[in-house]
Amino acid sequence: MIAYSANHPVGDFIRANLPAPLAALANGALSVVVLMVLVVVVAILLVWLERKVCARFQARLGPTRVGPFGLLQPIADSLKLLLKENIKPRAVDTLAYFLAPLLPITGSFLVLAVMPFDHNLQVADPQAGMVYIAAVSGMGILGILIGGWGSNNKYSLLGSMRAGAQLFSYELSMVLCMLLVVMASGTGSLREIVLSQQGTVRDWWIFKLPGAGALAFVLYLISSTAELNRGPLDLSEAESELAGGFHTEYSGMGFSMFFLAEFVNMFASAGLGATFFLGGFLAPQFGIGPLDHILAFIPGFIWFFAKTGALIFMYMWFRWTFPRLRIDHLLSLEWKFLLPVSMANLLLAATLVTLGWILP
Amino acid sequence: MRDLFFYGLSAALLGMAVITVLARNLFRAALGLLGVLVGTAALFLLLQAEMVALVQVMVYIGGIMIFVLYAVLLTSELGGKMPGPSPLKWVFGLAVAGTALAFLVDLVHKAHCTLAASLMPAADGANDAATGAVNAAASSGATAVSGGVASMHSLGLRLLDAGPNGFLVPFELISVLLLAAMVGAIALARHDTREGA
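Residues numbered from 1 in each chain as written. Chains lettered and ligands numbered in written order. Predicted model: local features only at pLDDT ≥ 70, side-chain atom pairs only at ≥ 80, totals over all residues.

**Some words on the overall build of chain A**
Next, step 1: A tally of helices and strands in chain A yields 15 helices and zero strands.
Next, step 2: Against the 2.2 N^0.38 benchmark of 21 Å for 360 residues, chain A shows a C-alpha radius of gyration of 21 Å, consistent with a compact globule.
Next, step 3: Burial status across chain A gives 45% buried among its 360 residues.
Next, step 4: The long-range share in chain A, meaning contacts at least 24 apart out of those at least 6 apart in sequence, stands at 77%. (Helix = DSSP H or I, 4+ residues; strand = E, 2+ residues; numbered from the N terminus. Rg over C-alpha atoms; globule rule 2.2 N^0.38 Å. Buried ≥ 20, exposed ≤ 12 C-beta atoms within 10 Å, placed from the backbone. Contact = placed C-beta atoms within 7 Å.)

As C-alpha cells, this is what we get:
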C-alpha cells in the first residue's frame, strides 16, 4: 500500500504564498476554472472523436479538411452553433425555456467536481461521494422535463416524458452497480474507492469480486448507455426517427447546451466506470517487476484519461453498431431484466463480501 | 461569515416558499418548491450534516420533485392560471400554518431553555420526541461523532443497529410500508389496463 498525498504542488504553492482565507478562495476559484476548461476541451475532443469513429464504422474518413486530421472541425461546428440566431418561439414559457438547457450541464459539471483525476487532482472528496453522484445526476432529468414542457409543443412534451421515463428507470440499475462497489470497498468516497483497488490488475473491482464485479461492470455499461441517451438506447431523441424529442424547439445556444451536456456526461460516466471498476488513476500492474516500474512511472491522470478514453470508445462502438430498441422493449429490458439481475448481483456480492471470498 | 450565509439562505428560502404558495401558475409553484428543497439541503450543509443534505437532494429533487413535475406537466396547461383560493381555504390554511408556527416557536423556546440550563448538546432529547426517525438519527449521530458531523458511516450504523439506540425495527417497518405502496400501485395500474383492454 502506497500512501498517496492529496495535496497538489500548485495548491501547496498558493497556500504557501497567500494568507489562509485568500488561499482557500484562490484554490477554489482555480479548480472551478480548470474544471470549466476541461468541460470545454472534453466536449470539443469528443465531438471530433464521435465524428471520426462514426465515419470509420461506416467506411468513411470523417472530417479531414479543417486542421490536421480535421481536429479543428469541432471548433468550426461550435462557432456555427454560437453564431446561429437563438430563436424563441412565441408561445413558450420563457423562464422554463431558458432555465432548462442550463440544468443538465450543471449536473455533469457537479459530477466532475468529485471525480478523482489523480491522487492529488480532485476538487472535493465528500465521504458520501456516491450519494452525491446519485443526487446531482437527477438534474439532467429535471432539465429535460422542464425543457420539453416549456417548449409548448406536443412532440417535445412526449419526447421529454419518454426521456424522463428512460432516465429514471435506468438510473436505478446504474446506482445499484455502483452500490456494489461501495459495499465491497466499504467507503462512499471516490478517492478511497480507487485506493481500495491498489495492487495488481486483479485487485480492480471488476476482477476482485469473482463474477459479480464483471457482471456489475457490464450492467453499468448498459445502463449508463441508456442514462446518456446514446444509441442503441437513445429513445429520447432518436434523430433519424422522431421529431427531435425534447429539444425540437431549441436552436443555437439552447440546443448546443443540451448537446454539450451529453458529451460531458459521457466523459463523466466513463470516468465513473473507470473509477469504480478499473482502478481509476492507478497504473495497471501485472506482477512483472520491470514492466510494473515503467507503468507506475506514468502519472496517474494519464492512466485515468486512458481508461476513460477506452470506455468512451466502447460507448461510441455501441452506438454505431447496434440497432435502436423500441421504447417498450427499452423499458422492459430495464424493469424485467437489468433491475432484477443487478439486485441478484448485489445479493451475490453481499454474500461474497460477508464470506470473505474476495480474490487475494 | 456563517451567520451571513444563514441569513442569506433563509431569506432566499422564505422567498421561494412564498412563491410556492402564492404562484398562480402550477409550474412556477413547482419550481418554487424545488428552490425550497435546494435551500433546505444547503441549510443542512451549513449544519455540517453532509449526508442528510445529500439524501435531501437525492430523494426530494432526484425523486419526488420529478414526480411532482410529471404530474404538473401532464395535468396543467402552459401559462395556465389557477383561480385564487376561496376565503374558507385562506382561513384553514392560516390556521394550519399558525398552529405549526406556534408549535415550532414552543419547540425552539424549550430547546433554548435546556441549552441554556446545561451547556451540553441537550437539544437531542427535545428533537427526538418531536421530529421523525431520520432527524433524530442525524442529531444523535452528530453528538456521537466528534466535530458534529452526521456522517454516512454513523448514520448507517445507527439505522441498522438492533440495540436500544438503533433504528433497525423502524427501518425494516418502513421497507414493509414501501412494499405495500408498490403492491398497491401495481394493483391499481393493472386494474386499469384490464378494464381498458
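**Points about the overall build of chain B**
Next, step 1: Broken down by element type, chain B carries eight helices and zero strands.
Next, step 2: If you list the helices and strands of chain B from N to C, you get α-α-α-α-α-α-α-α.
Next, step 3: The buried share of chain B, reckoned over its 197 residues, is 18%.
Next, step 4: At a minimum sequence separation of 6, the contacts of chain B that also span at least 24 residues come to 39%.

**Examining the nonpolar core**
Next, step 1: In this structure, Val131, Val181, Val264, Phe267 and Phe277 of chain A together with Met51 and Leu54 of chain B are the most contacted members of the largest nonpolar core, which totals 116 residues.
Next, step 2: Per element, the largest residue contribution to this core is 15 residues, and it comes from helix H12 (residues 252-277) of chain A.
Next, step 3: Excluding residues that lie within four positions of it along the chain, Val181 of chain A makes contacts with Ile193, Trp205, Phe276 and Phe277 of chain A. (Core = buried A, V, L, I, M, F, W, Y, C linked by C-beta atoms within 7 Å.)

**Focus on the interface of chain A and chain B**
Next, step 1: The partner chain B presents 18 residues to the 19 residues of chain A that form the contact.
Next, step 2: When contributions to the side of chain A that touches chain B are tallied by element, the ones reaching two or more residues are helix H6 (129-136), helix H7 (138-150) and helix H8 (154-185) of chain A.
Next, step 3: Per element, the largest residue contribution to the side of chain A that touches chain B is five residues, and it comes from H7 of chain A.
Next, step 4: Tallied by class, residues from the side of chain A that touches chain B come to 13 nonpolar, five polar and one charged. (Nonpolar A, V, L, I, M, F, W, Y, C, P; charged D, E, K, R; others polar.)

**Concerning H12 of chain A**
All names here are of chain A.
Next, step 1: For H12, spanning 26 residues, the distance from its first C-alpha to its last is 38 Å, which sits close to the expected 38 Å at 1.5 Å a residue.
Next, step 2: With 23 of its 26 residues buried, H12 lies for the most part within the structure.
Next, step 3: Remark: Gly279 follows H12 within two positions and exhibits a positive phi of approximately 80 degrees. (Expected span 1.5 Å × (residues − 1).)

**What to know about the confidence of the model for chain B**
Residues and elements named next belong to chain B.
Next, step 1: Overall, the prediction assigns chain B a mean pLDDT of 78, with 79% of residues at 70 or greater.
Next, step 2: Within the model, the stretch residues 121-148 combines pLDDT values under 50 with 42 contacts to residues more than four positions away or in other chains.
Next, step 3: Across the predicted assembly, pTM comes out at 0.86 and ipTM at 0.81. (pLDDT = per-residue confidence, 0-100.)

**With respect to the packing of H6 of chain A against helix H3 (residues 50-75) of chain B**
Next, step 1: Relative orientation of the contacting elements H6 of chain A and H3 of chain B amounts to 25 degrees, with a least axis distance of 8 Å. The pairing of H6 of chain A with H3 of chain B is recorded here as roughly parallel in orientation. The interaxial crossing formed by H6 of chain A with H3 of chain B has left-handed handedness. The segment H6 of chain A lies against H3 of chain B, with Val131, Tyr132, Ala134 and Ala135 of chain A engaging Met51, Leu54, Val55, Val57, Met58 and Gly62 of chain B.
Next, step 2: Along the lines of polarity and charge, the residues of the contact of H6 of chain A with H3 of chain B split into nine nonpolar, one polar and no charged. (Axes fitted to C-alpha atoms, helices over the stretch in contact; angles between N-to-C directions. Parallel < 35°, antiparallel > 145°, perpendicular 65-115°, else oblique. Left-handed = near helix turned anticlockwise from the far one by under 90°.)

**Some remarks on the environment of Glu85 of chain A**
Residue and element names in this part refer to chain A.
Next, step 1: Residue placement: Glu85 occurs in the loop between helix H3 (73-83) and helix H4 (94-99).
Next, step 2: For Glu85, a count of 8 C-beta atoms within 10 Å gives the class exposed.
Next, step 3: Taking C-alpha positions, Glu85 is 39 Å from Ala274, a pair spaced 189 residues apart along the chain.

**Looking at the confidence of the model for chain A**
Next, step 1: Averaged over chain A, the pLDDT score is 87; the fraction of residues at 70 or greater is 99%.
Next, step 2: By mean pLDDT, helix H1 (residues 9-17) of chain A is the weakest element of chain A at 84, and helix H14 (residues 300-321) of chain A is the strongest at 93.

**So, unusual backbone geometry**
Across the chain, the bulk of peptide bonds are trans and the bulk of non-glycine residues have phi less than zero.
Next, step 1: Even without being glycine, Asn152 of chain A reaches a positive phi, approximately 55 degrees.
Next, step 2: In this structure, Asn152 of chain A sits in the loop between H7 and H8.

**Digging into the environment of Pro126 of chain A**
Next, step 1: Tracing the chain through its elements places Pro126 of chain A in the loop between helix H5 (102-112) and H6.
Next, step 2: Between the alpha carbons of Pro126 of chain A and Ser236 of chain A there is a distance of 32 Å; along the sequence they are 110 residues apart.
Next, step 3: Not counting the four nearest positions on each side in its chain, Pro126 of chain A is found in contact with Val114, Tyr132 and Ser189 of chain A together with Glu50 of chain B.

**With respect to the packing of H1 of chain A against helix H2 (residues 20-57) of chain A**
When two helices pack together, their arrangement is given by the angle between their axes and by how far apart the axes lie.
All names here are of chain A.
Next, step 1: Contact pair H1 / H2: the axes reach a minimum separation of 8 Å and the direction vectors enclose 150 degrees. Looking at the two axes, H1 sits roughly antiparallel to H2. As for how H1 packs across H2, the hand of that crossing is right-handed. Contacts from Gly11, Ile14 and Arg15 in H1 reach Ala23, Ala26 and Asn27 in H2.

**Comments concerning the environment of Ile14 of chain A**
All names here are of chain A.
Next, step 1: Tracing the backbone through its elements, the reader meets Ile14 in helix H1.
Next, step 2: Overall, Ile14 belongs to the partly exposed group, with 17 C-beta atoms counted inside 10 Å.
Next, step 3: Considering only alpha carbons, one finds Ile14 and Met343, 329 residues apart in sequence, at a separation of 47 Å.
Next, step 4: In contact with Ile14, other than residues within four places in its own chain, are Ala23, Ala26 and Asn27.

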